[in-house]
Amino acid sequence: MSLLIVKMNKQMRCLISAGPTREWLDPVRFISNPSSGKMGYSMASEGISRGMHVDLVSGPTSLEAPPGVFLVNVETALEMENEVNECFSGADIIIMTAAVCDHRPETNHQNKIKKDQFPSTMTFIPNPDILLGLGHKKVDSQVLVGFAAETENHLENAKNKLVEKKLDWIIMNDISKENTGFQSDFNRITMLSAQNESIEFGFEKKEFLAKKIFDVICR
Ligand code: PMT
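Residues numbered from 1 in each chain as written. Predicted model: local features only at pLDDT ≥ 70, side-chain atom pairs only at ≥ 80, totals over all residues. Heavy atoms only, no water.

Participant: Explain the packing of aromatic side chains here, please?
Facilitator: The geometry of an aromatic ring pair comes down to the distance between the two centres and the angle between the two planes. Under the definition given, this model contains 2 aromatic pairs. On the basis of an interplanar angle of 70° and a centroid distance of 4.9 Å, the ring pair of W24 and F30 is categorised as edge-to-face. Given a relative accessible area of 21%, W24 falls into the partly exposed group. Using a relative accessible area of 35% as the deciding quantity, one classes F30 as partly exposed. Seen from their ring centres, F186 and F203 are 4.8 Å apart, and the 15° between their planes marks the pair as stacked. Taken as a pair, F186 in strand β11 (residues 186–193) and F203 in strand β12 (residues 198–205) lie far apart in primary sequence, 17 residues in all. F186 sits in the partly exposed class, given a relative accessible area of 24%. (Phe/Tyr/Trp six-rings, centres within 6.5 Å; stacked < 30°, edge-to-face > 60°. Buried < 20%, exposed > 50% of the residue type's maximum accessible area, 1.4 Å probe, protein only. Helix = DSSP H or I, 4+ residues; strand = E, 2+ residues; numbered from the N terminus.)

Below, the structure written as structure tokens:
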């Protein structure tokens with residue numbers, strides 16, 4: 001007699017981070033970066049169209065969350081870390097498109113710094129590397145995907161992040177070319193895997209690339 005093992009059809013859960021973080025210096029000033037959230041929101045939209053449950057942890061953007069997405073708004077890297085960690089253990093696929101500030105001002109002043117008291121130098125302290133933390137606690141059944149926006153030594157830098165952060169895939173954006181990466185509707189990517197695969201896509205719309213990325217990681 002043969003044993004039939006039936007696997008229940010369970011909805012895939014996808015966790016996506018998107019947008020920039022803001023690191024406050026006082027109530028009216030912060031450091032940040034130009035991430036618009038377009039890449040991450042395109043990934044979230046594609047996840048929904050594939051029938052997945054999508055948790056989108058997003059820094060400040062002017063975009064509307066795709067219908068059906070569970071949106072969690074954050075501002076700082078520390079807030080993003082908390083929310084991503086909340087959703088992590090239940091996620092099958094984790095895609096970190098966010099441009100997280102690596103550093104924050106040592107002091108977040110409670111009151112607005114007066115113009116004549118503005119410091120001429122400032123001390124920054126490191127933020128946690130959220131993805132590095134996830135790579136260390138991920139289990140084999142989870143697929144962990146990072147992004148790397150590179151201006152030089154593109155593939156080498158991206159490969160180093162793939163290995164250091166224990167990722168399954170890293171998606172290198174070449175942002176040295178015009179109209180790609182930050183803020184653009186377009187991107188130019190190469191996907192690198194822990195199994196040494198390399199898949200390159202030309203200059204394409206972010207929505208199109210989101211489909212291709214899911215096709216590859218869901219193979
Ligand atoms: O938002 P858009 O305008 O559409 O632009 C999209 C994008 C260019 C921001 C996106 O495609 C992208 O490349 N995101 C990653 C930006 C980057 O350079 O990341 P990084 O090399 O600093 O970090 C590598 C990976 O670690 C990323 O997945 C990042 O989310 C993660 N990270 C980084 C630092 C940190 N403290 N914590 C992290 O989790």
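Participant: Help me understand helix α2 (residues 77–88), please; the structure alone is not making it clear to me.
Facilitator: Each α-helix turn comprises 3.6 residues. Residues three or four places apart therefore point the same way. Taking 1.5 Å as the rise per residue, α2 with 12 residues should run 16 Å; its terminal C-alpha atoms sit 16 Å apart, in good agreement. Those residues of α2 that fall on the buried side of the exposure criterion are A77, M80, V84, C87 and F88. The arc that holds the buried residues of α2, viewed along the axis, is 105°, so those residues lie on one side. Those residues of α2 that are exposed and angled more than 90 degrees off the buried face are N82 and E86. In this structure, the buried side of α2 is in contact with β1 (13–18), β2 (23–26), β4 (53–58), β6 (93–96) and α3 (130–137). (Expected span 1.5 Å × (residues − 1). Arc of directions from axis to C-beta. Contact = heavy atoms within 4.5 Å.)

Participant: Looking at this structure, I do not really get helix α4 (residues 154–164). What am I missing?
Facilitator: Of the positions making up α4, those classed as buried are H154, A158 and L162. Considered in projection along α4, the buried side chains sweep an arc of 60° and stay on one side of the axis. Exposed and facing more than 90 degrees away from the buried side of α4 are E156 and V163. On its buried face, α4 is in contact with β9 (143–150), β10 (169–174) and β11. In the stretch just after α4, K166 is the one whose phi turns positive, near 55°.

Participant: Would you explain the site of the ligand in this entry?
Facilitator: If you check the shell around the ligand, you find 25 residues, and the closest are S35, S36, A98, K161 and Q183. For the ligand, an oxygen atom lies 3.3 Å from a polar atom in the backbone of A149. Taking 770 Å² as the accessible area of the ligand by itself, protein coverage stands at 95%. Broken down by secondary-structure element, the contributors of at least two residues to the shell around the ligand are α1 (38–49), α3 and β9. Of the residues forming the shell around the ligand, the biggest block, 3 residues, is contributed by β9. Across the shell around the ligand, the residue classes tally to 10 nonpolar, 9 polar and 6 charged. (Near = heavy atom within 4 Å. Polar contact = N/O pair within 3.5 Å; in protein donor to acceptor, adjacent residues only side chain to side chain. Areas by Shrake-Rupley, 256 points an atom, 1.4 Å probe, with all protein chains shown as cover. Nonpolar A, V, L, I, M, F, W, Y, C, P; charged D, E, K, R; others polar.)

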